[in-house]
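Chain residues, written in single-letter form:
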Amino acid sequence: MKLVKLLANLGYGSRKQVALMFREGRVTDAAGEVLYADDVVGHADVRLDGEPLDPPQGMLLLLHKPVGYTCSTKDPGRVVYDLLPPRFRLRNPLLSTVGRLDRDTSGLLLMTDDGALLHRITSPKSHLPKVYEATLAQDLRGDEAGVFASGTLMLESEKTPLAPAGLDVLEPRRANVTLVEGRYHQIRRMFAAVGNHVQSLHRHRLGGLDLAGLAPGEWRLLGDAERERLFQTP
Ligand code: URA
């Protein structure tokens, strides 16, 4: 791929803007030799203003989503892309969230531009467990674990029952819930179905990954070892 297209696809600017960067001599190889828009050079050998480029297509990142951010590219409020370098929003192929967390849910969110990987993670066949900590408005009654595990719980306006889900009670009003599917507002609706109300919700595990010390709003790229760990469920 010609360099001008490579940089434009990585979100560094429109083709026109990127072409100007070349004319200004801002794009070089690792030894500082100026590169030209039509050159075809390996991604790892290119520098912009002396800095290596963002990762090529196939990137996977882990974000600690704070409460108050929407998993959307367009929303009048704050969106998860606001927490990343602005050019990440302009990448082609698009960097998308792997599934969604509600605006009021915090925790582990993956983002990728790799469609096959996204499908592999979100496909119902993958059965990747997602673990959420829910804080509730009322004490648990005691029968919720049985109801969630039954595989027969029907949520309003759904046509099929929920797959069995796990519940581990931590305190009378705090519990871990493990899901292997992801329906709209699922956990909030599950607790509403058993007469409770979720006050706060935090996802702390997806497959074999956890947040590993990332503070709210922080993110990092995942390498091969962590990709593998994602699919190794505990
Ligand atoms: N369940 C919910 O209700 N909200 C989320 O964000 C995720 C699971």
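Residues numbered from 1 in each chain as written. Predicted model: local features only at pLDDT ≥ 70, side-chain atom pairs only at ≥ 80, totals over all residues. Heavy atoms only, no water.

Asker: How would you summarise the overall build of the protein if you had to cite specific residues and measurements?
Answerer: Along the backbone of the protein there are six helices and twelve strands. Across its three principal directions, the C-alpha atoms of the protein cover 70 × 35 × 35 Å. Intrachain contacts of the protein at a sequence separation of at least 6 include 62% that bridge at least 24 residues. Just so you have it, the protein exposes about 12,100 Å², and 51% of that area is on carbon and sulfur atoms. A distance of 5 Å separates the average location of the 30 positive side-chain charges in the protein from that of its 29 negative side-chain charges. (Helix = DSSP H or I, 4+ residues; strand = E, 2+ residues; numbered from the N terminus. Contact = heavy atoms within 4.5 Å. Areas by Shrake-Rupley, 256 points an atom, 1.4 Å probe, with all protein chains shown as cover. Lys, Arg positive; Asp, Glu negative; His and termini not counted. Charge placed at Lys NZ, Arg CZ, Asp CG, Glu CD.)

Asker: Could you give an account of the site of the ligand, with specific residues and numbers?
Answerer: Taken together, Leu-101, Asp-102, Thr-105, Tyr-132, His-185, Gln-186, Ile-187, Arg-188 and Leu-201 make up the full set of residues near the ligand. Asp-102 is positioned such that a nitrogen or oxygen atom in its side chain is 2.7 Å from a nitrogen atom of the ligand. At 3.0 Å, a side-chain N or O of Thr-105 approaches an oxygen atom of the ligand. In isolation the ligand has 230 Å² of accessible area, and contact with the protein removes 95% of it. (Near = heavy atom within 4 Å. Polar contact = N/O pair within 3.5 Å; in protein donor to acceptor, adjacent residues only side chain to side chain.)

Asker: Outline unusual backbone geometry, supporting the account with residue identities and numerical values.
Answerer: Asn-92 connects to Pro-93 through a cis peptide bond whose omega is 5 degrees. Summarising the element assignment, Pro-93 is placed in the loop between strand E4 (60-65) and strand E5 (96-97). Phi is positive for His-127, which is not a glycine, with a value near 55 degrees. Looking at His-127, the relative accessible area reads 52%, which means it is exposed. (Buried < 20%, exposed > 50% of the residue type's maximum accessible area, 1.4 Å probe, protein only.)

Asker: Account for the packing of aromatic side chains, naming residues and giving values.
Answerer: Summed over all chains, the structure comprises two aromatic pairs. Their ring planes at 65 degrees and their centres at 5.5 Å tell us that Phe-88 and Trp-219 sit as a pair that is edge-to-face. With Phe-88 in the loop between E4 and E5 and Trp-219 in strand E12 (residues 219-221), this residue pair connects regions lying 131 residues apart in the sequence. Look at Phe-88 and you get buried, because its relative accessible area is 2%. Lying over the aromatic face of Tyr-69, Arg-78 brings its terminal NZ or CZ to 4.8 Å of the ring centre. Over the ring of Phe-231 we find Arg-120; its NZ or CZ atom is 3.5 Å from the centre of that ring. (Phe/Tyr/Trp six-rings, centres within 6.5 Å; stacked < 30°, edge-to-face > 60°. Lys NZ or Arg CZ within 6 Å of the ring centre and 35° of its normal.)

Asker: Describe helix H2 (residues 15-23), naming the residues involved and giving the relevant values.
Answerer: Of the residues making up H2, those classed as buried are Val-18, Met-21 and Phe-22. Along the axis of H2, the buried positions cluster into a sector of 100 degrees, meaning they face one direction only. Of the exposed residues in H2, those oriented more than 90 degrees away from the buried face are Lys-16 and Arg-23. Here the buried face of H2 lies against helix H1 (3-9), strand E1 (27-29) and strand E2 (46-48). (Arc of directions from axis to C-beta.)

Asker: Kindly report on the domain arrangement of the protein, identifying the contributing residues and their values.
Answerer: The assigned domain composition of the protein is domain 1 (3-52), domain 2 (60-124 + 210-230) and domain 3 (129-206). Just the C-alpha atoms count here: the centres of domain 2 and domain 3 sit 23 Å apart. Taken together, the contact between domain 2 and domain 3 spans 15 residues of the former and nine residues of the latter. Here domain 2 packs against domain 3, burying approximately 1,000 Å² in sum over the two surfaces, 45% of which is carbon and sulfur. It is Asp-102, Leu-108 and Asp-210 in domain 2 that bury the most area against domain 3; as a group they hold 40% of the surface buried on that side. Close ionic contact of Arg-205 with Asp-210 constitutes a salt bridge, the shortest N to O distance being 3.4 Å. (Domains from an automatic or database assignment. Buried area = accessible area lost by both parts, 1.4 Å probe. Salt bridge = Lys/Arg side-chain N within 4 Å of Asp/Glu carboxyl O.)

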